[in-house]
Amino acid sequence: MTDLIESSLLKEPSVSKNASSASSSEAINVIHFQKDSSPQNRSNDADASTKKDALKTTVIDLASLSPLDYDLKRKEVAKEMGVQVKTLDAEVKTARGDVFAPSSMIFPDVTPFSEPVTPADLFNEVAKIIQSFVVLDDEQALAMSLWIAMTWVVDVLKVAPLAIINAQERACGKSQLLDITGFLSNKALPSSNITTAGLFRITEMYGPTLLMDEVDTFMRDNNDLKGLINAGHTRNSAFVIRIVGDNNEPKRFNVFGPKALAGISLDKHLPDSTMSRAIVFNMRRKLPSESVQRLRHAEEGLFDKLKAKLARFAVDYSEAVRVSRPLLPSELSDRAQDNWDSLLAIAGCAGSDYLQRATEAALKLSITNDSSASIGTELLQSIRLIFEDQAILKISSATLVDELMSREDQPWATYNKGWPMSPRQIAQLLKQYGIKPKTIRIREGCTPKGYSSDQFDDAFARYLSVDKLIIESNGEISQEQPAVELSGLERMILDDRKYRDVVTECSVTELAEENSNGDLSHEEAF
């Protein structure tokens, strides 16, 4: 590969007719010097060989750069190497042909298993193998087995959810799980600390399953890399445009494909937009009573046989996965439904019972990992709880602040740079949901600025998980329909409480009786 460089370094320099005899003698001495076999010259030969090896390494490094980065370095490097720029360009071009070798040279061919496989048995086998090396819940192991199967049929899918392997502390098995995922996934390529240019080029050329460990150390401030990873989630939008070649021509690169990321506290280091595109596997440290095998002691050929079975699954079931339209739980958010659509389509190949197990796993993992709510959504949840706990329909801004500050398990007491949240800050956060403070009547002569519960109905319904509960005549909460028909006032109170999980000690019937004995208005009932 570097013959051209070596010949440029070792060939006799051209000497003009007007050159001094000293210069000509020096040029000749170079050739004689090459042929001299004295110990000193053999030492120089060794130095020259070392230099050649360094030059080869430099050329390979340059070949891995993006066109722009290489163009910025080529003149300086050529000068340091003592070669012409065009010579360096030729060598780098040749090296790029070596770096981007055919896929079969990088990813060994996997021969599909000779016999048909039963998907449920295969997925259970994969999950069992994973749990023999790593401490995982059954739902997590099931989800990872489906994600691994996804890498084998990704060519027929429209969404490739990330697998984020997250640990809050070290020694929780995150790297071990990533390694096992790589052993079983299709065209797995460890690519920790990958550059942006490297990601979109290698994804375009090979469509691998990228495995990135220690993501918390190199991706935190790399917004370009985060953007590319996010773009690779959905096939229709998984493209980036880059300027390439000497003519600066725009080229579109495809970045769609499976990617597994592992790291410490990734929920803090990665943006919500990335976390929401993932099936998140929260790892935990092994207890002394829990036992797992050492990965280095794994039976030889264990993963190869499973990969062959997964390859056979892809051959037999890719079309079924492609046309599948699984029923997605309404409890999942739109993004979570996107993530699980592919995995549930794969689970459906294993039968209705397995699909039910996968659906339950989706609900459990999505609820467990749904901790990335915005500060606005968190405020809505807190206000909803205040309306529920106090059983009120109106609240002044000042009282709302006091109630928020009293909740020690929530961030409002130190929201304002260590100081309590102000009514103005509450108003600013609620404004994005179309909620504004207004004059409310608490009682005669008391009309402060504040909020009524009906102002939040739309925001609660759109942004919070709402249980549709029924208030029975005895004041208890039930998921079932009430046995007796409610009166007009009872129905009106029930409608106002449709977002509540608790009721007051005073039952609906008692409130109705109070109203029949006096002029208690609907709003004053609370």
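Residues numbered from 1 in each chain as written. Predicted model: local features only at pLDDT ≥ 70, side-chain atom pairs only at ≥ 80, totals over all residues. Heavy atoms only, no water.

1. A look at the overall build of the protein chain
If you tally the helices and strands in the protein chain, you get 23 helices and 12 strands. A burial count over the protein chain gives 42% of its 526 residues as buried. Looking at the protein chain alone, contacts between residues at least 24 apart form 69% of all its contacts between residues at least 6 apart. A total of about 28,900 Å² of accessible surface is found on the protein chain, and carbon and sulfur atoms cover 48% of it. (Helix = DSSP H or I, 4+ residues; strand = E, 2+ residues; numbered from the N terminus. Buried < 20%, exposed > 50% of the residue type's maximum accessible area, 1.4 Å probe, protein only. Contact = heavy atoms within 4.5 Å. Areas by Shrake-Rupley, 256 points an atom, 1.4 Å probe, with all protein chains shown as cover.)

2. Here we look at the pairing of strand β7 (residues 278-283)
Most of β7 is tucked away, with 5 of its 6 residues classed as buried. Note: strand β1 (residues 162-167) against β7, 6 bridges, orientation parallel. Looking at β7, one finds that I164 is bridged to V280. (Pairing = 2+ DSSP bridges.)

3. Concerning the packing of aromatic side chains
Scanning the entire structure with this criterion turns up 12 aromatic pairs. With a centroid separation of 5.9 Å and an interplanar angle of 75°, the aromatic rings of F107 and Y206 are classed as edge-to-face. A residue pair is termed long-range when its members are at least 10 positions apart, and F107 in the loop between α6 (103-106) and α7 (119-133) and Y206 in helix α10 (residues 196-206) qualify at 99 residues. Accessibility assignment for this pair places F107 and Y206 in one class, buried. Following the ring pairs from residue to residue traces out a cluster consisting of F123, F313, Y317 and Y354. In this arrangement the basic side chain of R252 is found over the ring face of F239, its NZ or CZ atom lying 3.7 Å from the centre. We note K309 situated over the ring of F113; from NZ or CZ to the ring centre the distance is 5.4 Å. (Phe/Tyr/Trp six-rings, centres within 6.5 Å; stacked < 30°, edge-to-face > 60°. Lys NZ or Arg CZ within 6 Å of the ring centre and 35° of its normal.)

4. Description of unusual backbone geometry
With phi around 50°, S265 is a residue other than glycine that occupies positive phi space. Inspection of the secondary structure assignment puts S265 in the loop between β6 (259-264) and α13 (266-269). Taking relative accessible area as the criterion, S265 reaches 10% and is therefore assigned buried. In the Ramachandran plot, A391 falls in the positive-phi region, its phi being about 50° despite a non-glycine side chain. Position of A391 relative to the elements: it lies in the loop between α18 (375-390) and β8 (394-396).

5. What to know about the sheet that holds strand β3 (residues 209-212)
With respect to topology, 5 strands assemble into an open sheet ordered β2-β3-β6-β1-β7, the strand pairing being parallel. A strand with exactly one partner marks an edge of an open sheet, and here the two such strands are β2 (188-190) and β7. Going across the sheet, the axis of each strand differs from the next one's by a mean of 20°, ignoring polarity. In terms of strand pairing, β2 meets β3 through 3 bridges, oriented parallel. (Axes fitted to C-alpha atoms, helices over the stretch in contact; angles between N-to-C directions.)

6. Some remarks on the packing of helix α8 (residues 138-153) against helix α16 (residues 334-348)
The axes of two packed helices give the description: the angle between them and the distance between them. Viewed as axis vectors pointing N to C, α8 and α16 meet at an angle of 90°, and their least axial separation amounts to 9 Å. Between α8 and α16, the interaxial angle falls into the category roughly perpendicular. Taken together, the residues of α16 that come into contact with α8 (itself represented by A143, L146, W147, A149, M150 and V153) are W340, L343, I346 and A347. (Parallel < 35°, antiparallel > 145°, perpendicular 65-115°, else oblique.)

7. Brief notes about the sheet that holds β8
Overall, antiparallel pairing links the 3 strands, which are arranged β8-β10-β9 in an open sheet. Every other strand in the sheet has two partners, leaving β8 and β9 (438-439) as the edge strands with one partner each. Note: β9 against strand β10 (residues 449-452), 2 bridges, orientation antiparallel. Note on β10: the bridge partner recorded for K438 is G450. Against the sheet, helix α19 (residues 397-405) engages β8 and β10, with an angle of about 85° to β8.

8. Topic: the nonpolar core
Judged by nonpolar contacts, the single largest core of 60 residues is most densely connected at F123, L146, I148, F313, W340 and I346. The biggest single contributor to this core is α8, with 10 residues. Grouped together as the second largest cluster of nonpolar side chains are 33 residues, A197, A238, L266 and V280 included. (Core = buried A, V, L, I, M, F, W, Y, C linked by side-chain atoms within 4.5 Å.)

9. Concerning the environment of L88
Structurally, L88 can be placed in helix α5 (residues 85-99). Residues L88 and V59 lie 29 residues apart in sequence; the distance between their C-alpha atoms is 7.9 Å. Those residues within four positions of L88 in sequence are excluded, and the remaining contacts are V59, L62, Y70, R74, V77, A78, M81 and V83.

10. A few points about the side chain of K226
Along the chain, K226 turns up in helix α12 (residues 223-231). Classification of K226 by relative accessible area gives buried; the value is 10%. Sequence-distant contacts of K226, that is, excluding residues within four places in its chain, are made with M219, R220, D221, H269 and P271.

11. Concerning helix α20 (residues 423-431)
When α20 is considered as a whole, its buried residues turn out to be Q425, I426, A427, L429 and L430. Residues of α20 that are buried make contact with α18, α19 and β10.

12. Considering the pattern of salt bridges
Summed over the entire model, instances satisfying the criterion amount to 12 salt bridges. In this structure, the salt-bridge partner of K174 is D213, at a minimum N-O distance of 3.3 Å. One end of the pair, K174, is in helix α9 (residues 174-184); the other, D213, is in the loop between β3 and α11 (215-218), and 39 residues separate them in sequence. Of the two residues examined, K174 and D213, each falls in the buried class. (Salt bridge = Lys/Arg side-chain N within 4 Å of Asp/Glu carboxyl O.)

13. Some details on the pairing of β6
For β6, the buried fraction is high: 6 of the 6 residues fall into the buried class. Burial of β6 is two-sided: the residues K259, L261 and G263 facing one way and the residues A260, A262 and I264 facing the other way are all buried. Pairing between β1 and β6: 5 bridges, direction parallel. For A163, the partnering residue across the bridge sits in β6 and is A260.

14. Some points on the confidence of the model for the protein chain
A low pLDDT score tells you not to read the predicted coordinates there in detail. Summary statistics for the protein chain give a mean pLDDT of 78 and a share of 75% for residues scoring 70 or more. By mean pLDDT, strand β11 (residues 470-471) is the weakest element of the protein chain at 32, and α8 is the strongest at 97. With pLDDT under 50 throughout, residues 1-37 is counted as low confidence; its partners more than four residues away or in other chains account for 36 contacts. Long-range and interchain partners of residues 466-526, a stretch whose pLDDT sits below 50, account for 88 contacts in this model, where long-range means more than four residues apart. (pLDDT = per-residue confidence, 0-100.)

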